[in-house]
Amino acid sequence: MGNSLKAIVAFVPSNKCQKYLLEDLEEMPVDKMVDLSGRQLRRLPLHICSFRELVKLYLSDNNLNHLPPELEQLQNLQILALDFNNFKALPLVVCTLKQLCILYLGNNKLCSLPLELRLLQNLKTLWIESNCLQCLPEVVCELSLLKTLHAGSNALRTLPAQLRCLQELRTIWLSGNLLSEFPPVLLDMPFLEVIDVDRNSIRFFPSLAHLPGLKLVIYDHNPCRNAPKVAKGVRRVGRWSEETPEPRKRSGAVIEITLDEKPSPPPATKPEPE
């Protein structure tokens, strides 16, 4: 079915039209996964909520702005993808799905996250990139098992001090925000392995050499005057990354050297829960 026809049919709420969009998905698949991405959906078909053993539900790239309360029936759900939709607020029913390990909320219109998010204590990966967040919601700091946080392409200027409580956090992506200084709280998180602050407004980098877990720091596209000092074996991506932490100077001019190869951004494919 062409996308244009799908878009037209999506406006018609009849059960027949909805089944047409779902291509006769009547029973839960054997692999306990339902992928309704890119179906032009404006509402979640209620019969999906009857698949109580469902583990993975992909609703990416639709026109959703709300979810039915019946979604609460999916208590075995571990992966929920709501990215590339029209959510201005996270539906509270999502916070009742306590087995969630991975939650995709990127590319919506979220300005905040509800306090009820703290109920998702099994969450290990949270994608909130490309939203309208001006500050990182402090409730994120209560997700004690969180390992990966993707918060790029928002309007973040600072990070909350409570972030240091996330001792399981290993990777934080902050590319494309409004950070004018390197977030001080990250200096108190020795367990971090990957820090990405690419495309911000950071002019000076403190030493990161004291972070024993650090493996990669991406600081490219900042108006920085120095490269962050790091421990031996840590890869840096940005100005002067192949040199010593301080740039070489020749006749008063700074010689900029950058890597030809930059690590790939966070994977487009959605990972499995660990």
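Per an unreviewed UniProt entry, the protein chain goes by the name LRC10 protein and belongs to Aramus guarauna.

1. Describing the overall build of the protein chain
Summing up its helical and strand segments, the protein chain has two helices and twelve strands in all. Going residue by residue from the N terminus, the α and β elements of the protein chain occur as α-α-β-β-β-β-β-β-β-β-β-β-β-β. In the protein chain, which comprises 274 residues, the proportion classed as buried is 47%. In the protein chain, the share of contacts with a sequence separation of at least 24, taken over all contacts with a separation of at least 6, comes to 25%.

2. Comments concerning the pattern of salt bridges
Inspection of every chain in the model, using the stated rule, returns four salt bridges. Measuring nitrogen to oxygen at the nearest pair gives 2.8 Å for the salt bridge that ties Asp188 to Arg164. Taken as a pair, Asp188 in the loop between strand 7 (171-173) and strand 8 (194-196) and Arg164 in the loop between strand 6 (148-150) and strand 7 lie far apart in primary sequence, 24 residues in all. By relative accessible area, Asp188 is classed as partly exposed at 44%. Residue class for Arg164 comes out partly exposed when judged on its relative accessible area of 35%. When the shortest N-O distance is used, the salt bridge between Asp198 and Arg199 registers 3.8 Å. Exposure remark for Asp198: the relative accessible area of 3% places this residue in the buried category. With relative accessibility at 46%, the residue Arg199 sits in the partly exposed group.

3. Observations regarding the packing of aromatic side chains
Applying the stated criterion across every chain, the model contains three aromatic pairs. Geometrically, the ring pair formed by Tyr104 and Trp127 is tilted, given 5.3 Å between the ring centres and 50 degrees between the ring planes. Of this pair, Tyr104 sits in strand 4 (residues 102-104) while Trp127 sits in strand 5 (residues 125-127); the two residues are 23 residues apart in sequence, bridging distant segments of the chain. We classify Tyr104 as buried; its relative accessible area is 2%. Ring geometry for Phe205 versus Tyr219: centroids 5.3 Å apart, planes at 65 degrees, classification edge-to-face. One end of the pair, Phe205, is in the loop between strand 8 and strand 9 (216-218); the other, Tyr219, is in the loop between strand 9 and strand 10 (235-237), with 14 residues separating them in the sequence. Since its relative accessible area comes to 2%, Phe205 is described here as buried. Exposure remark for Tyr219: the relative accessible area of 0% places this residue in the buried category.

4. A short note on the sheet that holds strand 2 (residues 56-58)
Within the open sheet, the ten strands sit side by side as 1-2-3-4-5-6-7-8-9-10. Their pairing is parallel. Edge strands, defined here as strands with exactly one partner in the open sheet, are strand 1 (33-35) and strand 10. Between one strand axis and the next, the sheet turns through 5 degrees on average, direction left out of account. Judged from the three bridges that link them, strand 2 and strand 3 (residues 79-81) form a sheet pairing that is parallel. What sits directly across from Lys56, in strand 3, is Ile79.

5. Here's the deal with the side chain of Asp220
Relative to the helices and strands, Asp220 is located in the loop between strand 9 and strand 10. The class of Asp220 is buried, set by a relative accessible area of 15%. Ignoring anything within four residues of it in the chain, the contact list for Asp220 reads Asp198, Arg199, Val237, Gly238 and Arg239.

6. Considerations on the confidence of the model for the protein chain
In this model, the protein chain carries an average pLDDT of 87, and 80% of its residues clear a pLDDT of 70 or more. Across residues 7-12, where pLDDT falls below 50, the model places eleven contacts with residues more than four positions away in sequence or in other chains. Here residues 245-267 is modelled with pLDDT under 50, and outside its nearest four sequence neighbours on either side it reaches 47 contacts, counting other chains as well.

7. Quick notes on the environment of Glu242
Here Glu242 lies in the loop between strand 10 and strand 11 (249-250). Classification of Glu242 as exposed rests on a relative accessible area of 56%.

8. Some details on the state of the cysteines
In protein structure, a disulfide is the covalent linkage between the sulfur atoms of two cysteines. Enumeration over the complete set of coordinates arrives at zero disulfides. Looking at the unpaired Cys141, the closest cysteine sulfur is the one in Cys165, lying at 7.0 Å. For Cys141, a relative accessible area of 7% corresponds to the buried category.

9. Topic: unusual backbone geometry
Phi at Gln40 takes a positive value of approximately 65 degrees, unusual for a residue other than glycine. In this structure, Gln40 sits in the loop between strand 1 and strand 2. By relative accessible area, which is 21% here, Gln40 ends up partly exposed. In this model, Trp240 sits at a positive phi of 60 degrees, which is unusual for a non-glycine residue. Along the polypeptide, Trp240 turns up in the loop between strand 10 and strand 11. The buried category is assigned to Trp240, whose relative accessible area is 2%.

What counts and what doesn't
Residues numbered from 1 in each chain as written. Predicted model: local features only at pLDDT ≥ 70, side-chain atom pairs only at ≥ 80, totals over all residues. Heavy atoms only, no water. Helix = DSSP H or I, 4+ residues; strand = E, 2+ residues; numbered from the N terminus. Buried < 20%, exposed > 50% of the residue type's maximum accessible area, 1.4 Å probe, protein only. Contact = heavy atoms within 4.5 Å. Salt bridge = Lys/Arg side-chain N within 4 Å of Asp/Glu carboxyl O. Phe/Tyr/Trp six-rings, centres within 6.5 Å; stacked < 30°, edge-to-face > 60°. Pairing = 2+ DSSP bridges. Axes fitted to C-alpha atoms, helices over the stretch in contact; angles between N-to-C directions. pLDDT = per-residue confidence, 0-100. Disulfide = S-S within 2.5 Å.

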